[in-house]
Amino acid sequence: RAMKSPAIDVIGLLQEKGAEVGYHDPHVASLEHEGLQLQSAPDMERAAAQADCVIIVTDHKAIDYAALANRAHLIFDTRNAMARHGVYSPKVAKL
């Protein structure tokens, strides 16, 4: 049995509430789980600028967190990734 990803859990919960969900992950090009099929957004900064809210579920070294803070309108950081990478912004809420 395949292990469920926290990101898939969050995406599923948001979709159940009617949210339009996308994601960016430099290590996961696509997701498929229980009928859910998504492709990773190729341009993180553009996707962040178009989103109402960004939720950080995984802390990746490959992410430019300063650029993310500059482009996103609001960020929920469940991993404390922004602070861990030295990025502080009033747009960030830690969960």
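In the block above lies the structure referred to throughout.
This report concerns the structure included in the present document. This is a predicted model, so every value here is computed, not measured. (Residues numbered from 1 in each chain as written. Predicted model: local features only at pLDDT ≥ 70, side-chain atom pairs only at ≥ 80, totals over all residues. Heavy atoms only, no water.)

## Examining the environment of Gly18
Structurally, Gly18 can be placed in the loop between helix H1 (6-16) and strand E1 (30-33). Owing to a relative accessible area of 63%, Gly18 belongs among the exposed residues under this scheme. Considering only alpha carbons, one finds Gly18 and Arg79, 61 residues apart in sequence, at a separation of 24 Å. (Helix = DSSP H or I, 4+ residues; strand = E, 2+ residues; numbered from the N terminus. Buried < 20%, exposed > 50% of the residue type's maximum accessible area, 1.4 Å probe, protein only.)

## Quick look at the layout of surface pockets
Of the voids in this model, the largest pocket is the one considered here, and its volume is about 1,100 Å³. Along the walls of the largest pocket sit 37 residues, with Gly22, Tyr23, His24, Val54 and Ile55 positioned nearest its centre. Of all elements in the fold, only H1, helix H2 (44-50), strand E3 (54-56) and helix H3 (65-71) reach the threshold of two or more residues within the lining of the largest pocket. Across the lining of the largest pocket, the residue classes break down as 25 nonpolar, 7 polar and 5 charged. (1 Å grid on protein atoms, 1.4 Å probe; cavity = no way out; pocket = protein on both sides within 12 Å on 5 of 7 lines; lining within 4 Å. Points joined across faces, edges and corners; volume = space filled by probe spheres on them. Nonpolar A, V, L, I, M, F, W, Y, C, P; charged D, E, K, R; others polar.)

## Looking at the pattern of salt bridges
Scanning all chains against the criterion turns up 1 salt bridge. Arg84 is paired through a salt bridge with Asp59; the nearest N and O atoms lie 2.8 Å apart. Of the two residues, Arg84 is situated in helix H4 (residues 81-84) and Asp59 in the loop between E3 and H3; the sequence distance between them amounts to 25 residues. (Salt bridge = Lys/Arg side-chain N within 4 Å of Asp/Glu carboxyl O.)

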